[in-house]
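Structural overview
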Amino acid sequence: MEFPEELKYTEEHEWVMVEEDLAVVGITDFAQDALGDVVFVELPEVGTVIEAGKAFGVVESVKAVSDIYAPVSGTVEEINDDLVEAPEIINTSPYEDGWMIKIRMADAADADDLMDAEAYQALIAEES
Amino acid sequence: MTMLGASGLVLNEKLLFEHSQPGRKGYSLPKLDVPAAKLPADLSREEISGFPELSEVDVVRHFTRLSTWNYGVDSGFYPLGSCTMKYNPKVNEAAARLPGLADVHPATPPHLAQGMLELMYRLQVALAEVSGFAKVTLQPAAGAQGELTGMLVIRSWHEARGSKRSKVLIPDTAHGTNPATATLAGYDVVPIASEGVLTLEEVEAHMDDNVAALMVTNPNTLGLFETNIEAICKLVHDRGGLVYCDGANLNALMGIARPGDMGIDVMHFNLHKTFSTPHGGGGPGAGPVGVTEQLVPYLPAAGVERDGDQYRFVTGNTESIGRLMAFHGNVGIMVRAFAYASTLGGAGLKHASQMAVLNANYVRARLEGVYDLPYKRRSLHEVIFSDKDLAGGCHTLDVAKRLIDYGYHPPTIYFPLVVKGAIMIEPTETESQDVLDEFCDAMIAIAGEARDNPELLHQAPVRSKVRRLDETTAARKPKLRWEDNP
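Described below are features of the structure shown in this document. (Residues numbered from 1 in each chain as written. Chains lettered and ligands numbered in written order. Predicted model: local features only at pLDDT ≥ 70, side-chain atom pairs only at ≥ 80, totals over all residues.)

1. Here's the deal with the overall build of chain B
When its secondary structure is counted, chain B shows 16 helices and 12 strands. Computed over its C-alpha atoms, the radius of gyration of chain B comes to 26 Å, within 12% of the 23 Å expected for a compact globule of 486 residues. The principal-axis extents of the C-alpha atoms in chain B amount to approximately 75 × 70 × 45 Å. Relative to its 486 residues, chain B shows a buried fraction of 40%. For chain B, long-range pairs separated by at least 24 residues make up 72% of all intrachain contacts whose partners lie at least 6 apart in sequence. (Helix = DSSP H or I, 4+ residues; strand = E, 2+ residues; numbered from the N terminus. Rg over C-alpha atoms; globule rule 2.2 N^0.38 Å. Buried ≥ 20, exposed ≤ 12 C-beta atoms within 10 Å, placed from the backbone. Contact = placed C-beta atoms within 7 Å.)

Here it is as structure tokens:
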């Protein structure tokens, strides 16, 4: 299981890639593996204002339906439309093609408090 | 010769569309004895594409064969956790088919339907007595509508006090429908954590003056009794909130403990679970709701009142949340539930709950050590194992599929979410020790197969009419109707 060094992570198993004040968000390899085959994704509309810690979307697998939580606050700049037709991308490429939304952050410092790869791996070792 | 649908020969049954032969038909109409009139051209079409043409016997055989593929509680053990798949005694069905009950039109004037009204009234009273509430409405059509009824009652109570509370607390051991209900009732859901059971500290940490209610399931989806419930209810009340209880697991409590006595304000019943009416396959169910005295004015404008020796329908009042459906609810289900409760009586209902709890604990004791038991406390009506200790890279899904080969309906799996790889077994009071022993022997054998022949589990089921179905493709690319050329 991979956890790229350049990403930040949340306790709810989302990852964030920060490029200046833009945050790209998806779910981690651990999350997609625990969910199993993803069959449906619901994402917010572009322009939606979202708040850190609040659910912004839903991911459904053959096992369970889970909320996806916003790691940072801001406005949705872009969503990954490909996931609507082909949600399995989340299983095959959680960190690249399986990205979910891009958030224009209200405060770029929001992401500073998130976990690094090492801390996240320690968290999931504890959980499993 | 091969006979379609017969075990061991051809295991598949074609769709009706695929049985079709041009010109074959299953009707014969009398000779036309009036002048023929043609439909206007814009209202008729020459042909319906792919419409099956079949004889009567084609159709009868098709559905008769399919009916033999069914698996229900009448054919075997059905330990579906959280669903209380108890046996439905046939006397309930006989009662529901009595012409005086089955043929009453819902618009019949009450003075001509006194028997049915008396039955509804007595069921309301019986449910109130079992649960410890002031009053019960029978109207909601099933559990989810009962939940919505209860949450709308809570909302109306707050609004009548000028309170604009916007949040509902829901523990991670609650039923999955609870967050959906709270959302539909216009509330924001705040998930809270439990440690098997909910602690007073956790509720206290989240209980502010914006919380309208706490929604609990008791016993919860781990099959554990919420031991702190009384103190939790008091805390929520002290801070201006109400407590909703999902009554889906009432089968553990009848005649032993009453949610109304614990401090709970609103609860729905699932007659199709606890009171032995048929369920699965789309219902109908029934989800009556019980409330405390202060919430009675907000109940749906439906129900039966007694006036001397006469029974009449409640007309409701201005504070009522209104009606949840036309007329009086799923009355046929009420008849079955009343027959069940009357047959058993108070002592019998208590015995049913005791046996349900005993059976779950028997399964727990026999399988502990074979399967991981994440919560060691004694269970109530259901017990939750996990796949953590399973050998051979086998998972919960493999165990469930293999159980089909042993002739059982699989238990609920991957729920509750707080247990990774959950296997949720609710035997109900229906089953004898012999049946439980056979089932536990199968579970133990499967754990052995995981160790000695894991591939068998990965391939399972191997003895069923169809093998492991592709649930992923079915969910991703569902085919919802037959098409000639898909």
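The rest of the description comes next.
2. A look at the overall build of chain A
Check the secondary structure of chain A and you find four helices and nine strands. Ordered by position in the sequence, the α and β elements of chain A form the string β-β-β-α-β-β-β-β-β-α-α-β-α. A compact globule built from 128 residues should have a C-alpha radius of gyration of about 14 Å, and chain A, at 13 Å, falls within 12% of that. In chain A, buried positions account for 41% of the 128 residues. In chain A, the proportion of contacts linking residues at least 24 apart, taken out of those at least 6 apart, comes to 65%.

3. Focus on the interface of chain A and chain B
Across the boundary between the two partners, chain A contributes six residues, which contact six residues of chain B. Per-class residue counts for the side of chain A that touches chain B are four nonpolar, no polar and two charged. (Nonpolar A, V, L, I, M, F, W, Y, C, P; charged D, E, K, R; others polar.)

4. What about the sheet that holds strand β2 (residues 14-19) of chain A?
All names here are of chain A. The six strands lie next to each other as β1-β2-β3-β9-β8-β5, forming an open sheet whose pairing is antiparallel. A single partner strand is all that each edge strand has here, and the edge strands are β1 (8-9) and β5 (49-50). Pairing between strand β8 (residues 74-79) and strand β9 (residues 101-105): five bridges, direction antiparallel. From the neighbouring strand, E78 faces β9, where its bridge partner is K102. (Pairing = 2+ DSSP bridges.)

5. Observations concerning the sheet that holds strand β6 (residues 55-61) of chain A
Residues and elements named next belong to chain A. In spatial order, the strands read β4-β6-β7; together these three strands make up an open sheet with antiparallel pairing. In the strand order of this sheet, the two ends are held by β4 (38-42) and β7 (65-69), each with one partner. Looking at each pair of strands side by side, their axes are set apart by 25° on average, direction ignored. Two strands pair when backbone bridges link them, and β6 and β7 are joined in this way by five bridges, in the antiparallel orientation. By the bridge assignment for β7, A55 is matched with Y69. (Axes fitted to C-alpha atoms, helices over the stretch in contact; angles between N-to-C directions.)

6. Focus: the pairing of β6(A)
By the bridge criterion, four bridges tie β4(A) to β6(A) in an arrangement that is antiparallel. Note that in β6(A) the partner of A:F40 across the bridge is A:E60.

7. Details of unusual backbone geometry
Both trends apply: most residues other than glycine have a negative phi, and most peptide bonds are in trans. All names here are of chain B. Looking along the chain, the bond that leaves N218 and enters P219 is cis, with omega of -5°. Tracing the backbone shows P219 in the loop between β4 (211-217) and α9 (229-238). You will see that T84, though not glycine, has its phi angle at about 45°, which is positive. Position of T84 among the secondary structure elements: in the loop between α2 (56-68) and α3 (90-96). Phi angles above zero are rare outside glycine, and T428 is one such case at about 65°. Inspection of the secondary structure puts T428 in the loop between β12 (422-425) and α14 (433-452).

8. Description of the nonpolar core
Where a protein is soluble and globular, its nonpolar side chains tend to be buried together. All names here are of chain B. By size, the foremost hydrophobic cluster in this structure holds 114 residues, and its most contacted members are V153, V243, M334 and A337. With 15 residues, helix α12 (residues 331-367) is the largest single contributor of residues to this core. Split by domain, this core shows at least three residues from each of two domains, domain 2 (90-343) and domain 3 (387-474). Beyond its immediate chain neighbours, meaning those up to four positions away, V153 contacts V266, V291, L295, Y298, L299 and I321. (Core = buried A, V, L, I, M, F, W, Y, C linked by C-beta atoms within 7 Å. Domains from an automatic or database assignment.)

9. Some remarks on α2(B)
Along its 13 residues, α2(B) runs 19 Å from first to last C-alpha, staying within 8% of the 18 Å computed at 1.5 Å per residue. Burial analysis of α2(B) places just zero of its 13 residues in the buried class, a small minority of the element. (Expected span 1.5 Å × (residues − 1).)

10. Brief notes about the pairing of strand β3 (residues 22-27) of chain A
For a regular strand, side chains alternate in direction, first toward one face of the sheet and then toward the other. All names here are of chain A. For β2 and β3, the ladder comprises six bridges, and the chain directions are antiparallel. Its bridge partner lying in β3, W15 is registered against G26. Here β2 folds back onto β3, and the loop between the two strands holds two residues, one of which, E20, carries a positive phi near 55°. Sheet topology places β3 next to β9; four bridges connect them, and they run antiparallel. For V24, the partnering residue across the bridge sits in β9 and is K102.

11. Describing the packing of helix α6 (residues 143-160) of chain B against helix α7 (residues 177-184) of chain B
All names here are of chain B. Contact geometry of α6 with α7 gives a least axis separation of 9 Å together with a crossing angle of 45°. If you check the angle between α6 and α7, you find them oblique. Seen along the crossing, α6 lies across α7 with a hand that is right-handed. Contacts between α6 and α7 involve G143, A144, E147, L148 and M151 from the first element and T177, N178, T181, A182 and L184 from the second. (Parallel < 35°, antiparallel > 145°, perpendicular 65-115°, else oblique. Left-handed = near helix turned anticlockwise from the far one by under 90°.)

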